[in-house]
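# Close look at the chain arrangement
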Amino acid sequence: MRVGILTGGGDCPGLNAVIRAAGRRVMTRGGEVVGVREGWKGLVEGLFEPLGPREISGLLPRGGTILGTTRTNPFKLEGGVEKVLATFEREGFDALVAIGGEDTLGVAARLHAEHDFPVVGVPKTIDNDLSATDYTFGFDTAVSVATEAIDRLHTTAESHNRVMVVEVMGRHTGWIAVVSGIAGGADMILIPEQPVSIEDACKELRRRHERGKDFSIVVVSEGYELEGLAEADDVDQFGHARLSERGVGAALAREIEARTGYETRVTVLGHVQRGGSPTPRDRVLATRYGLKAADLVEERKFGRMAALHGDEIVDVPLAEATARLKTVPPDWWSVAQAFFG
Ligand code: F6P
């Protein structure tokens, strides 16, 4: 079989580990693997690179993606879908492994549903917001970067009696904020799913300071709705605004200082959360997903995505994974909340 493999959307640690694992299994079975460059753009414009045993070796600890990535949406480009189908046919591909989040896999699901396109998916994103899987790879690494940052901010917060606001990524879900906040012992966590008002947040901080704690750590997700903050208007081909542009962390820090009088500083973690080497957990998850994707290709189970259910790697319909965002459920929130104030 001649199998194409692409990485789309924001990069994250573990992409190369999937390429390595899927590539290894396809090659072991006598198949041929071709790298499609820069996500769906590579199939629109015909950008490829051959992947042999040499190209896929040494990839396990390597961050980013050796194939490059973009947020190209063929459904938004004039003749984009026709180009994807024609390129795929011309190159003699039998199957495609698409590694991505809701946008990249949303395109894969539509191509499969509307054109019977032979694609399988692998769930990637630091945001952990894909449905039908317990975890996406990349999330554990982002949480571990954010947790380390929170630990470091604790010591300086304590020395200066300050409130430290830490802005983390996550788009419209608060997974990174909640899990790193619990792991780092945050005193307040603000996420899109739980609209705690700035007034209530400040009340909790005052309560804490009245108990004799002179410093606080506040973790805020980039998608948290802060009253009065303007929406970012720069959107990508999937209609997503660049949330980091809103500056929710800085605005929140100003508001906390104005309302409480406590000296406040902000740290925006940004793309540091997406860079560097994957954690062991992400390496293993990415490897298991890559092997499963190769198995799905071999079995011609197209329109499916590798997924984690408990400790098992299973496969689920791509359409189910991309139907809606997986938001932080109330029981996770109540674990975080037990330590506020
Ligand atoms: O989806 C992953 C993610 O890192 C989000 O958490 C964030 O909002 C977005 O991508 C940032 O995108 P970009 O790299 O295009 O600035």
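Residues numbered from 1 in each chain as written. Predicted model: local features only at pLDDT ≥ 70, side-chain atom pairs only at ≥ 80, totals over all residues. Heavy atoms only, no water.

### What about unusual backbone geometry?
Even without glycine at this site, Asn128 takes up a positive phi of about 55 degrees. Residue placement: Asn128 occurs in the loop between strand S5 (119-123) and helix H5 (139-160). Judged by relative accessible area, Asn128 falls into the buried class, the value being 0%. Backbone geometry places Arg300, a non-glycine residue, at a positive phi of 55 degrees. Within the secondary structure, Arg300 is located in the loop between helix H9 (280-298) and strand S10 (304-309). (Helix = DSSP H or I, 4+ residues; strand = E, 2+ residues; numbered from the N terminus. Buried < 20%, exposed > 50% of the residue type's maximum accessible area, 1.4 Å probe, protein only.)

### Some remarks on the domain arrangement of the chain
Entries for the chain in the domain assignment read domain 1 (2-137 + 278-321) and domain 2 (142-274). Each of domain 1 and domain 2 was reduced to a C-alpha centroid, and the two centroids are 33 Å apart. Counting residues at the interface gives 17 residues for domain 1, matched by 14 residues for domain 2. Both faces considered, domain 1 and domain 2 share a buried interface measuring about 1,500 Å² in area, 51% of it formed by carbon and sulfur atoms. Three residues, Arg71, Ile126 and Asp127, lead the burial of domain 1 against domain 2; their summed loss comes to 40% of the area buried on that side. Remark: the boundary between domain 1 and domain 2 carries two salt bridges. (Domains from an automatic or database assignment. Contact = heavy atoms within 4.5 Å. Buried area = accessible area lost by both parts, 1.4 Å probe. Salt bridge = Lys/Arg side-chain N within 4 Å of Asp/Glu carboxyl O.)

### A look at the environment of Arg254
Position of Arg254 among the secondary structure elements: in helix H8 (residues 248-260). Exposure remark for Arg254: the relative accessible area of 57% places this residue in the exposed category.

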